[in-house]
Amino acid sequence: MATLTQDLRFGLRQMRRSPGFAATVILTMALGIGANAVVFGILNALVLRPLDLPMAHQLYFFNQVNGGQVNTAFSYPDYLDLRERNSTLQGLTAARFNRVGVEYGGVAARTWFTEASGNYFDVLGVKPYLGRFFHETDEHGPNSAPYAVIAYDEWKTMMNGDVGVVGKVIELNKQPYTILGIAPKNFVGTELFAHPGLWVPMVNEEKLEGGYKFLESRGDHGLWLVGRLKPDVTRGAAESNLNTVAAQLAKQYQQDETLNVRLAKPGLLGDLLGGPVRAFLYGVMLLAGLVLLAACANLASLFAARAGDRTRELAVRLALGSTRGRILRQLVVESLLLSVVGGAAGLALGRGLLAALSQLKPPADMPVGLDVHADLRVTLLALGLSVICGMFFGLAPGWSVIRRDSYQVIKSGAVKTAGGRRWTLRDGLLLLQIVLCSILVTSSLVSVRGLSRSMHANFGFVPANVTLATFDLKMGGYTDEQVLQFQKRVLDEAVAIPGVEQVGIASRLPLGLDSSTTSIYRDGTTDMRPSNAVATANYYEVSPGYIKAAKTRLIAGRDFTWEDKAGAPQVALINQTLARLLYGSADPVGNYLIRGDRIRVIGVVEDGKYTTLNEDQTEAIYMPLAQSQSSTTVLLARAKATAGADPEVAAGLQRLLHGLDPGLPLSIGSWQQGLGMVLFPAIAATLALGTMGLLAAMLALTGIFGMASYSVSRRLRELGIRMALGAARRQILRAAIGRPMQLLVIGSVLGLAAGGLANKLLAAIVYQATSRDPLVLIGVVVSMAAVGALAAWVPARRALGIQPSRLLREE
C-alpha cells in the first residue's frame, strides 16, 4: 500500500507537470465513456432493467407467432379460455389501450386509457396511492362496473392533486364513472410505450365505446394479455401448456390456425417492438464500443510516444535498482488515474444526457415517456470500462519500454527513431483507430442516406400542406345516425375556410398508429375461413374527396360520391397490389370481391405505405364512409400554400369545430407531424450513428495529428539536413508525414471493406441500409481525406518551415 500511495502521488505530479497531455487523455476518455454510458443507459432502461412491479420476473407478455409474423392481439373469449384452462399461471389479465373523452370539473379533454379485466391490478400486484382498485368482485355482467382508477400524473394535472376526488364522478365519452382510487406514482402498466391516464373495467365496453361489442366475438382480436407464472414453472413449460390449450380451442371452435402462444418480456409489446428495439440498441452499443476502442487506440498511441520520451528516465531507474514490475506498475497506475478521472467525467456527461433524454417526448399523439436515468448498472459499466481502458493503454506501451536494454539506452543517450519502413506499436494502434473511424463514418453516412430515403419515400399520399383535425364523435355522445350528419356538415363548412383547397375524412390514416386489417375473398367464395382468404388487407373508411385531399393517384375507375350510401350497392376502391392478386391482368373495375358482403370494385389507386416504411408491397382497400360508418374521424384539409400546413387553416378548423361542438375533444396538427412516430426510428438511427461517426472522426484526427506532430518533432534535425542537401518539398513532406498518410489510406480501405460486411447489422438499424451506395462510398472517401488533410496541415507546415542553418547552429 505504501508503494501504491507513492505511485498515486507521482501520477498526480505527472498530471500537474503535463496538463496538456492529461487534459487530452481525460477529454478523450470522457467522450468514449460518455457515449457508452448513454447508449447502455437506454439499453438498460428498455431491455435489461425489469419492470418496477413486484416479482416482475414472473410476468410475461403473450405474443402470437404465425408464419414468422409476431402479433400481440387476442380476443376476449380466447382470454377467458386461456385463463380458465391453463395449469401454469397464477393469473392472466387482459388490457386494451385506446382514446377516451374525459370531462371533469367542466373541462373536456382527450386522453388515453386502458380497459382492463377485473383482475388486472391483482395480477400485477400493485397497491393504490389513494382509495382502492377495482377487482373481479366489482363486475356483475356487461356494463356493471362504472368505476375508474386515475393515473398519478393525470390526477396531479387534471385534478390538481385533490385528495378528495375519490368517490367523485367523471364523465368518459359522456358516461358517468365513479373514481375509486389513484394509481401509485410512476405506475403505467406493463408497457413502456403506453402511458394511460386512467383504467376502467373492460366489462363496460358496450356503453363506453358507443355500442361496440368485442367481449362476445372470438374473431375480434384487440387485447394484450399478461400472465404471472407460478413460482416453480419455467417459461418453456408455460408455453407448452398454453399451446396445448390453444390447440384444444382450435379444434373445439374449428379454427384454421391455433393461437401459437409465445411468452416474452413485457415492456415493448413482447417481441413485436422488443425484437427491433433490441437489435437497434445492441447494434448501436457495438458501435459505441468501437468508438471507445478507437479512443483507447488513440490514447495507447499517445502513451507509447510519452513512454518513448521517458525511456532514458526509466532506464536510469532500472540501473539504480528498481524492478521492471515496479516501473510497469507505476506506468499502469498513472494511466489508470487519468482513465478513471476521464471515466468519471464521461459518466457525469452521460448522466446529464440521459436526464435530458428522459424529458424528451417522441413525436406521437400518445402519452410516451421513458425513464432512462443512469442507475447503478450504468455507473458500474462506466467504472469497469475506465479500468479496462486504463490497463490497456498503460500496459501495452509500458511493456515495450521496460523490455529495452537499460545499459544501451543510457550509453546512447537517446532513443533513436527509425526512419525506415519498420512497423511499430504506434503504427498498429493508429491503423486500428483509422479502420474503426472508417467503419463508423460509413455507418453514419448510411444512416443519413436511410433518413433521406425515409423522408422521400413514396408513401402513396402527399403529407405536405395538409392539416389534420382528429376527433372521435362517440366521445361527444353522438348516436350512429348523428355521426354521418356531423361529418358531412364538417366537410361542407371546412371547404369554405380561406386557403383550403381540398377536404376529406378518413377513419384512420396510412402509417398511423391505429392500423386495421380485414380478410378479402374472391368473388364466389362461400367458405369464409381465414385460410381461404386471398389477402389480409389494410382497410380505411373514407369520404368523397379524401383521395384528392390525400393526393393519392386514382389509376383507374372513379372516386366515391355521396350516392354510395347505405342501402345502395356496396362499392370499394382497392390498391394495385390487391388488384393484381385478385384479378391478375384483367381489368378490376366492375369486378367483385367479398369482404363479409359482395362488393363491387369501382376504382384502383396507387400502392403506398400503410403500416411501416420498410414493409413489402401490401394490399389495401377503401370503403365509402356512408356505407361503413366510423365515429373515429380524421379531417384532412389541404392548403393552397406551397410548403407546410397553413396556420390559418389550423385556426379555421379550430374555430369551426369549436363552434359546432364546444365540448368535443380534438387535436389539430400537420400530417407531417403525424408521421413523426413512423420517421422516429430513422431520425434516432441518424442521430446515434452520426454522433458515433463524428466522435470517431475527431479521435482519428487527433490520432493522425499526434503521430505526424511527434514524427516531425523527433526528426527535425534529419529533415533540416535533407533540406540543406537540396531535398524537394515533396520529399520532405513524404519523410515527415508519409507514414501517417500511408496508414490513413490502408485503414480507410480496410474500414470500407468492413463496412460492407456490416450491411446485415446496419439493416437492423437503418431503413434500406447499404454501404455500397455510391454516395456513401464517395462520402467516406471525402470524409477520411478531410480528416487526413486537417490532421496533417499543422505538422506539414512545421516541416516545410524548417530553417536548416538555424536548426544546425542550435544542434
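Residues numbered from 1 in each chain as written. Predicted model: local features only at pLDDT ≥ 70, side-chain atom pairs only at ≥ 80, totals over all residues. Heavy atoms only, no water.

A. Structural view of the pairing of strand β9 (residues 198-201). Of the two faces of β9, both are covered, the one formed by Leu198 and Val200 as well as the one formed by Trp199 and Pro201. Bridge count between strand β4 (residues 107-116) and β9: four bridges; the pairing is parallel. Directly across from Glu115, in β9, lies its bridge partner Val200. (Buried < 20%, exposed > 50% of the residue type's maximum accessible area, 1.4 Å probe, protein only. Helix = DSSP H or I, 4+ residues; strand = E, 2+ residues; numbered from the N terminus. Pairing = 2+ DSSP bridges.)

B. Here's a closer look at the packing of helix α3 (residues 76-85) against helix α7 (residues 235-252). Contact geometry of α3 with α7 gives a least axis separation of 10 Å together with a crossing angle of 130°. Regarding the angle of α3 to α7, the classification is oblique. Crossing angle aside, the handedness with which α3 passes α7 is right-handed. Here α3 contributes Asp78, Asp81, Leu82 and Arg85 to the contact with α7, which in turn contributes Leu242, Val245, Gln248, Leu249 and Gln252. Taken together, the residues that form the contact of α3 with α7 break down as four nonpolar, two polar and three charged. (Axes fitted to C-alpha atoms, helices over the stretch in contact; angles between N-to-C directions. Parallel < 35°, antiparallel > 145°, perpendicular 65-115°, else oblique. Left-handed = near helix turned anticlockwise from the far one by under 90°. Contact = heavy atoms within 4.5 Å. Nonpolar A, V, L, I, M, F, W, Y, C, P; charged D, E, K, R; others polar.)

C. Up close: the nonpolar core. If you look at the biggest cluster of nonpolar residues, it comprises 98 residues, and the most contacted ones within it are Tyr120, Phe121, Phe187, Trp199, Leu338 and Met692. The element best represented in this core is helix α8 (residues 271-309), accounting for 17 residues. The contacts of Leu338, once residues within four sequence positions are left out, are Met15, Phe21, Ala22, Val25, Ile26 and Phe303. Within the second largest apolar cluster, 29 residues are counted, among which are Ala457, Phe461, Val634 and Leu636. (Core = buried A, V, L, I, M, F, W, Y, C linked by side-chain atoms within 4.5 Å.)

D. Seen up close, the packing of aromatic side chains. Applying the stated rule across the entire model yields 21 aromatic pairs. Judged by centre distance (5.9 Å) and plane angle (70°), the ring pair of Phe121 and Trp199 falls under edge-to-face. Pair noted here: Phe121 is in helix α4 (residues 120-124) and Trp199 is in strand β9, with a separation of 78 residues, a long-range link. Judged by its relative accessible area of 0%, Trp199 is buried. With centroids separated by 4.4 Å and ring planes inclined at 5°, the aromatic side chains of Phe461 and Trp671 adopt a geometry described as stacked. Residue Phe461 is found in the loop between α13 (425-455) and β12 (466-472), and its partner Trp671 is found in helix α18 (residues 671-674); the two are separated by 210 residues along the sequence. The exposure class assigned to Phe461 is buried, which follows from its relative accessible area of 6%. Residue Trp671 is classed as buried on the basis of its relative accessible area of 1%. Connected via pairs of aromatic rings, a cluster forms that spans Tyr120, Phe121, Phe133, Phe134, Phe187 and Trp199. (Phe/Tyr/Trp six-rings, centres within 6.5 Å; stacked < 30°, edge-to-face > 60°.)

E. Expanded view of the environment of Gln248. For Gln248, the location among the structural elements is in helix α7. By relative accessible area, which is 41% here, Gln248 ends up partly exposed.

F. Expanded view of unusual backbone geometry. A positive phi angle is found at Asn160, which is not glycine, with a value near 55°. Phi at Lys551 takes a positive value of approximately 55°, unusual for a residue other than glycine. On the accessibility criterion, Lys551 (44% relative accessible area) is partly exposed.

G. Region of interest: the pattern of salt bridges. Counted by the stated rule, this structure contains 19 salt bridges. A salt bridge links Lys174 to Glu103; the shortest N-O distance between them is 3.5 Å. Here Lys174 is found in the loop between β7 (169-172) and β8 (175-182), whereas its partner Glu103 is found in strand β3 (residues 89-104), with 71 residues between them in sequence. Note that Asp607 and Arg580 form a salt bridge whose closest N and O atoms lie 3.6 Å from each other. (Salt bridge = Lys/Arg side-chain N within 4 Å of Asp/Glu carboxyl O.)

H. Structural detail: the side chain of Ser117. Looking at the secondary structure, you find Ser117 in the loop between β4 and α4. You can call Ser117 buried: its relative accessible area is 3%. When sequence neighbours within four positions are dropped, the list of residues in contact with Ser117 reads Tyr79, Thr93, Ala94, Phe134, Glu139 and Met202.

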